[in-house]
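# Fold and geometry: a report
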Amino acid sequence: MSEEIRVVTPEELTAPPEFEVTVAKRFYTGLEGVIKNAEIVETRFGRAVRVTVVGNDGQLYGEMLWVRDIVGETSKLGAFITALGKKPKEWVGKKIKFISWEPANRKIAVIP
């Protein structure tokens, strides 16, 4: 078995690594947009729904909604469930408005 040897250029040694990622902004009161993605993910911290919204301004917004056995209707996840139901895959494509997005006082509404 022969291994291929690759010569590393000096530029590769000094160049900082770059990630091809989009940094989403956080949701805020008054934000309006369309849900682009809502997926259930497992992390080392637990299960969450990762939600991304494309705002009317064209910017990408996103947050993790942590899953608990019982959630209040004004929690992050509770606000989404109250407005959109318990099936995150059905949230995609819905136009929403963040009526309030303050800690312990979160509310969203589906808009036409």
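Rules used throughout
- Residues numbered from 1 in each chain as written.
- Predicted model: local features only at pLDDT ≥ 70, side-chain atom pairs only at ≥ 80, totals over all residues.
- Heavy atoms only, no water.
- Patch = residues over 30% accessible without salt bridge, like charges linked within 9 Å, V, L, I, M, F, W, Y side chains within 5 Å.
- Areas by Shrake-Rupley, 256 points an atom, 1.4 Å probe, with all protein chains shown as cover.
- Salt bridge = Lys/Arg side-chain N within 4 Å of Asp/Glu carboxyl O.
- Helix = DSSP H or I, 4+ residues; strand = E, 2+ residues; numbered from the N terminus.
- Buried < 20%, exposed > 50% of the residue type's maximum accessible area, 1.4 Å probe, protein only.
- Pairing = 2+ DSSP bridges.
- Axes fitted to C-alpha atoms, helices over the stretch in contact; angles between N-to-C directions.
- 1 Å grid on protein atoms, 1.4 Å probe; cavity = no way out; pocket = protein on both sides within 12 Å on 5 of 7 lines; lining within 4 Å.
- Points joined across faces, edges and corners; volume = space filled by probe spheres on them.
- Nonpolar A, V, L, I, M, F, W, Y, C, P; charged D, E, K, R; others polar.

### Section: a nonpolar patch on the surface
Residues Phe19, Val21 and Val23 make up a contiguous nonpolar surface patch of roughly 400 Å² in combined accessible area. In this structure, Val23 sits in the loop between helix 1 (10–14) and strand 1 (32–43). With relative accessibility at 71%, the residue Val23 sits in the exposed group.

### A closer look at the pairing of strand 1
When strand 1 meets strand 4 (residues 95–102), the two strands line up antiparallel, connected through three bridges. Directly across from Val34, in strand 4, lies its bridge partner Lys95. With ten bridges joining them, strand 1 and strand 2 (residues 46–55) adopt antiparallel strand pairing. Bridge pairing links Val34 to Val54 in strand 2. The hairpin formed by strand 1 and strand 2 contains two residues between the paired strands.

### What about the sheet that holds strand 5 (residues 105–110)?
The strands making up a sheet associate through backbone hydrogen bonding, with each pair oriented either parallel or antiparallel. On the basis of which strands lie adjacent, the open sheet formed by five strands has the order 3-2-1-4-5 and antiparallel pairing. Only two strands of the sheet have a single partner each, and these edge strands are strand 3 (60–66) and strand 5. In this sheet, neighbouring strand axes are inclined to one another by 30° on average, regardless of whether the strands run parallel or antiparallel. When strand 4 meets strand 5, the two strands line up antiparallel, connected through six bridges. From the neighbouring strand, Ser100 faces strand 5, where its bridge partner is Lys107.

### Notes on the layout of surface pockets
As a volume, the largest pocket reaches approximately 260 Å³. In this structure, the largest pocket is lined by 14 residues; those nearest its centre are Val67, Arg68, Leu77, Ile81 and Lys86. Every element with two or more residues in the lining of the largest pocket is listed here: strand 2 and helix 2 (76–84). For the lining of the largest pocket, the residue count by class is nine nonpolar, one polar and four charged.

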